[in-house]
Amino acid sequence: MAKTLGFIADRIAASGYATEVVARERLSESLVRLIVRCPAFAGAEITPGAATSWRVSRADFRHYTPAVIDGDALSVIIALHGSGEGERLLLGLQPGDELTVLKWAVKRSFAWQDGDRPIVVVGDGTVISLAMQFERRIGDSGRGFRAVLEVPEADREAVHALVRGAETVARTGTPGAGLDAYLASATFTGDEIFYLAGHGQSIQRQRDLLRSRFGIDRKAVRTQPFWADGKVGL
Ligand SMILES: Cc1cc2nc3c(=O)[nH]c(=O)nc-3n(C[C@H](O)[C@H](O)[C@H](O)COP(=O)(O)OP(=O)(O)OC[C@H]3O[C@@H](n4cnc5c(N)ncnc54)[C@H](O)[C@@H]3O)c2cc1C
């Protein structure tokens, strides 16, 4: 949900977590870690694939991915892209500010799947939090995990510090072009479950590539666009 009526937005926000901003840290040229805290977060869990949202203006919400809960603190990694109400709000947040974070939920078609099939997460800077969710959940279980993330060159080091198993690809002018090339020459066992997220138009190309080039079954490719060319919020 990006836009709704103001009074409906009030009701939606009333059901969220009232949090306090602890920190807004610039991790690299375009990556920001937002940390908020709320007593209700202590003991809360994040199922991989879960997303939350918060209000960015009277009637607008933007979705983000809860990456890590540590005690009563929740972290989210956000990729700056240069415009938008969500980015404007983020860059104005200061420690001590209030931010209502809506309860997180997983879309059924994008849900975490128990089992031992390896997981591959593919996306851009908006997908780092998602990759962190999966990596933490898989932990030392021995289940295979790969995160292929396309970010500007200046952000690659920060991504490796956040996602241990990340394979980073430098972003060039066209979103997703680096990922297309990387995936085309990658090797897969065929047993993986793929989670493609981030730029909508890139996801479509990558899903087609995985199916046509590697014969990956349709059901093994889960997709969730996080943003799309010319669209405000998603
Ligand atoms: C389920 C879900 C989870 C998400 N999790 C995260 C997350 O953890 N971290 C994160 O950074 N983002 C995440 N996003 C993406 C984020 O919600 C969008 O990037 C959103 O558009 C940002 O809002 P905005 O107000 O800054 O820009 P908008 O006002 O929505 O968009 C303004 C313009 O910028 C373009 N745009 C939007 N995002 C990008 C981008 N990343 N790169 C280039 N152009 C862009 C739009 O096409 C539009 O033209 C998630 C989205 C969804 C749906």
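Report on the accompanying structure. All of these numbers come straight from a predicted model, not from anything done at the bench.

### Points about the overall build of the protein
What the protein contains, in helices and strands, is six helices and 13 strands. In terms of C-alpha radius of gyration, the protein reaches 17 Å, essentially the compact-globule figure of 17 Å for 234 residues. Projected onto its principal axes, the C-alpha coordinates of the protein cover approximately 50 × 35 × 35 Å. Looking at the 234 residues of the protein, the share that counts as buried comes to 50%. Sequence-distant contacts in the protein: of pairs separated by 6 or more residues, those separated by 24 or more amount to 69%. Summing over all exposed atoms, the protein offers an accessible surface of approximately 11,200 Å²; the carbon and sulfur share of this is 49%. Each charge class in the protein was averaged separately, 29 positive and 28 negative side chains, and the resulting centres sit 7 Å apart.

### Concerning the environment of Ile203
For Ile203, the position within the fold is in helix α6 (residues 200-214). When its relative accessible area of 4% is taken as the criterion, Ile203 is described as buried. For the pair Ile203 and Ser141, spaced 62 residues apart in the sequence, the C-alpha separation amounts to 28 Å. Excluding anything up to four places from it in sequence, Ile203 contacts Leu196, Ala197, Gly198, Thr223, Gln224 and Pro225.

### Some details on the environment of Ala9
Position of Ala9 among the secondary structure elements: in helix α1 (residues 6-14). In the structure, Ala9 is positioned 36 residues away from Glu45 in sequence and 25 Å away in space, judged by C-alpha atoms. For Ala9, the residues in contact, after removing those within four places along its chain, are Thr4, Arg55, Arg58, Ala59 and Phe61.

### As for the pairing of strand β3 (residues 50-55)
When β3 meets strand β8 (residues 105-106), the two strands line up antiparallel, connected through two bridges. Paired with Ala50 across the strands is Val106, a residue of β8. Alignment of β3 against strand β4 (residues 61-64), held across four bridges, turns out to be antiparallel. Bridge assignment links Ser53 to a residue of β4, and that residue is His63. Between β3 and β4, which follow one another and run antiparallel, lie five residues.

### Looking at the site of the ligand
In the neighbourhood of the ligand, 27 residues make up the surrounding shell, with Arg62, His63, Thr65, Gly86 and Gly233 lying closest. Side-chain polar atom of Thr65 to a nitrogen atom of the ligand: 2.7 Å apart, as the coordinates give it. One of the backbone N or O atoms of Gly233 is found 2.6 Å from an oxygen atom in the ligand. For the ligand, the accessible surface in isolation is 920 Å², of which the surrounding protein chains cover 89%. In this structure the site holding the ligand corresponds to the largest pocket.

### Section: the environment of Gly6
For Gly6, the location among the structural elements is in helix α1. Excluding its chain neighbours within four sequence positions, the residues that come into contact with Gly6 are Arg55, Arg58 and Ala59.

How each quantity is defined
Residues numbered from 1 in each chain as written. Predicted model: local features only at pLDDT ≥ 70, side-chain atom pairs only at ≥ 80, totals over all residues. Heavy atoms only, no water. Helix = DSSP H or I, 4+ residues; strand = E, 2+ residues; numbered from the N terminus. Rg over C-alpha atoms; globule rule 2.2 N^0.38 Å. Buried < 20%, exposed > 50% of the residue type's maximum accessible area, 1.4 Å probe, protein only. Contact = heavy atoms within 4.5 Å. Areas by Shrake-Rupley, 256 points an atom, 1.4 Å probe, with all protein chains shown as cover. Lys, Arg positive; Asp, Glu negative; His and termini not counted. Charge placed at Lys NZ, Arg CZ, Asp CG, Glu CD. Pairing = 2+ DSSP bridges. Near = heavy atom within 4 Å. Polar contact = N/O pair within 3.5 Å; in protein donor to acceptor, adjacent residues only side chain to side chain. 1 Å grid on protein atoms, 1.4 Å probe; cavity = no way out; pocket = protein on both sides within 12 Å on 5 of 7 lines; lining within 4 Å. Sits in = over half its atoms within 2 Å of the grid points.

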